[in-house]
Amino acid sequence: MKLAILGGGGFRVPLVHGALLRDGGVTDLVLHDVDAGRLAAIERVLAEQAAGVAGAPRVRVATDLADALSDVDFVFSAIRVGGLRGRRLDEQLAHAEGVLGQETVGAGGIAYGLRTIPVAVELARLIGELAPRAWVINFTNPAGMVTEAMAAHLGGRVLGICDSPVGLCRRVAGALGIDPATAWFDYAGLNHLGWLRAVRVGGEDVLPRLLADPGALESFEEGKLFGASWLRALGAVPNEYLHYYYFAREAASSSASRGALLLEQQRDFYAEPSLAAWDRTRLEREATYMAETREGERDDLEGGGYENVALALMRAIAFGERTNLILNVRNGSALPDVPPDAVVEVPCVVDANGARPLAVSPLPGHALGLVTAIKAVERATIEAATTGSREAALRAFALHPLIDSVSVARRLLDAYAAAHPELSYLA
């Protein structure tokens, strides 16, 4: 089985490779990137990581996309248009206006989407031409927005993944003292905007038991982040990224730039790459994840969830290993009151035929209102990115719940367009 990773010079690629070494199944791994220097650095790390491992995939690098996509079965899309310097600018320009700059939420997420979607759509078109039988697993953020844009060309053959829902479900199961493999998790929403509403074991919803126990509720990441009293008021456990909405004032007041931090952390690694340097930098990266929203240490410093989701998804399709996964897919009729062609994040059955979203219970009014508002922002961003409409881009900024003024939205759009050459298409 042949796998191509687009964005193959990215820092997290060794996590995927490490999972492939443990899992098997992939015989050939092609890394594609527009930056030959970053490709060479990651190639060196993968060679060290595979030393002495029997049956390790053959690895090669390619800067030519057609070469990378030749005869592939799966494509992992993990690009970062503008690099970490672009992320740093996104954050700094948002902070200058007193709004959140996080790369997938609010102003930063819109700016990142405007840079990324034109490239992702062109990749989707080329994949459809050059590798029409390949399945595309999208890692690229903002994951739901990018997956929806790519689906216009690839349909159900592009699936978006995120490790936040599976991590949330695993932590809730641990707090309940149950095996997550024996439970059904009623989770639904959009990427980085979802809620766990029920945990069913043998037909019984055991989540109320957790919500009634403040000690158990605050024993894991999301419980500490939101607080037991707020989770009881919601009657659900939100995705950690909802902290940016529920505690918007506190989050926006932080001037820390994660893009700047990661850029500094990774500079030395790419200058002198090695497996030891990569691992040291990775642990530093994980230790500071969402640091602006937390006090104390993160529960899962080893991280590494998303590559396991990707491999489970790939194996289910390649080998017919039927499984249930929470994915970003076209809604169909799974989530009531959300358009059928909108990409949502819901549980899916996955097998050799791909992913089929499962029907979930309707969102409560407060959650549906937020999902509807953010989906409108995502679609305005996609419209701007695919048509060049500056009006659509302004609408995306102005309609976002975390941007509190059309005047601020207009200044943000002007600032981002001036700072990012990738946005020169906006007219």
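Fair warning: this is a prediction, and the values are worked out from it, not measured in the lab.

## What about unusual backbone geometry?
The step from N141 to P142 runs through a cis peptide bond, and the omega angle for that step is -10°. The topology assignment puts P142 in the loop between β5 (135–138) and α6 (143–154). Even without being glycine, D71 reaches a positive phi, approximately 60°. Assignment of secondary structure puts D71 in the loop between α3 (65–69) and β4 (74–77). Given a relative accessible area of 54%, D71 falls into the exposed group.

## Topic: the packing of helix α14 (residues 258–271) against helix α15 (residues 275–287)
Relative to each other, α14 and α15 sit at 165°, their axes nearing to 9 Å. By the angle between their directions, the pair α14 and α15 is classed as roughly antiparallel. Between α14 and α15 lies a crossing whose hand is right-handed. The segment α14 lies against α15, with R258, L262, Q265, Q266 and F269 engaging A277, W278, T281, E284 and R285. Looking at side-chain class alone, the contact of α14 with α15 contains 4 nonpolar, 3 polar and 3 charged residues.

## Some thoughts on the confidence of the model for the protein
Taken over all residues, the pLDDT of the protein has a mean of 94, while the share at 70 or more is 96%. Low pLDDT (under 50) marks residues 294–304, which in the prediction has 24 contacts with non-local residues, meaning those over four places away or in another chain.

## Some words on the packing of aromatic side chains
Taken as a whole and judged by the stated rule, the model has 9 aromatic pairs. Judged by centre distance (5.9 Å) and plane angle (40°), the rings of F11 and W278 are tilted. Taken together, the residues span a long stretch of sequence, with F11 in the loop between β1 (2–6) and α1 (13–23) and W278 in helix α15 at a distance of 267 residues. Assigned by exposure class, F11 and W278 land together as buried. Residues Y241 and Y244 carry aromatic rings whose centres are separated by 6.1 Å and whose planes lie at 50° to one another, so their mutual orientation is tilted. Taking relative accessible area as the criterion, Y244 reaches 1% and is therefore assigned buried. Joined through ring pairs, the aromatic side chains of F11, F269, Y270 and W278 make up one cluster. For the cation-ring pair, R38 lies above Y270, with the distance from its terminal atom to the ring centre recorded as 4.2 Å.

## Description of α14
The end-to-end C-alpha separation of α14 is 20 Å, in line with the 20 Å expected for 14 residues at 1.5 Å each. Of the surrounding elements, those touching the buried residues of α14 are α2 (36–50), α4 (83–96) and α15.

## Digging into α6
Along its 12 residues, α6 runs 15 Å from first to last C-alpha, staying within 8% of the 16 Å computed at 1.5 Å per residue. Of all 12 residues in α6, 10 are buried; the element is thus mostly enclosed. Considered for burial, the residues of α6 that qualify are A143, G144, M145, V146, T147, E148, A149, M150, A151 and L154. In the stretch just after α6, G155 is the one whose phi turns positive, near 60°.

## Things to note about the pattern of salt bridges
Opposite charge on two side chains lets them pair, provided their charged atoms get close. This model, assessed by the stated rule, comprises 25 salt bridges. One salt bridge connects E97 with R411, and the closest N-O pair in it is separated by 2.9 Å. Taken as a pair, E97 in the loop between α4 and α5 (107–130) and R411 in helix α19 (residues 406–419) lie far apart in primary sequence, 314 residues in all. On the basis of relative accessibility, which here comes to 26%, the residue E97 falls in the partly exposed class. Note that E122 and R125 form a salt bridge whose closest N and O atoms lie 2.5 Å from each other. With E122 and R125 both in helix α5 and 3 residues apart, the pair spans about one turn of that helix. In this structure, a network of salt bridges that share partners links the residues E148, D341, K375, E378 and R379.

Conventions adopted
- Residues numbered from 1 in each chain as written.
- Predicted model: local features only at pLDDT ≥ 70, side-chain atom pairs only at ≥ 80, totals over all residues.
- Heavy atoms only, no water.
- Helix = DSSP H or I, 4+ residues; strand = E, 2+ residues; numbered from the N terminus.
- Buried < 20%, exposed > 50% of the residue type's maximum accessible area, 1.4 Å probe, protein only.
- Axes fitted to C-alpha atoms, helices over the stretch in contact; angles between N-to-C directions.
- Parallel < 35°, antiparallel > 145°, perpendicular 65-115°, else oblique.
- Left-handed = near helix turned anticlockwise from the far one by under 90°.
- Contact = heavy atoms within 4.5 Å.
- Nonpolar A, V, L, I, M, F, W, Y, C, P; charged D, E, K, R; others polar.
- pLDDT = per-residue confidence, 0-100.
- Phe/Tyr/Trp six-rings, centres within 6.5 Å; stacked < 30°, edge-to-face > 60°.
- Lys NZ or Arg CZ within 6 Å of the ring centre and 35° of its normal.
- Expected span 1.5 Å × (residues − 1).
- Salt bridge = Lys/Arg side-chain N within 4 Å of Asp/Glu carboxyl O.

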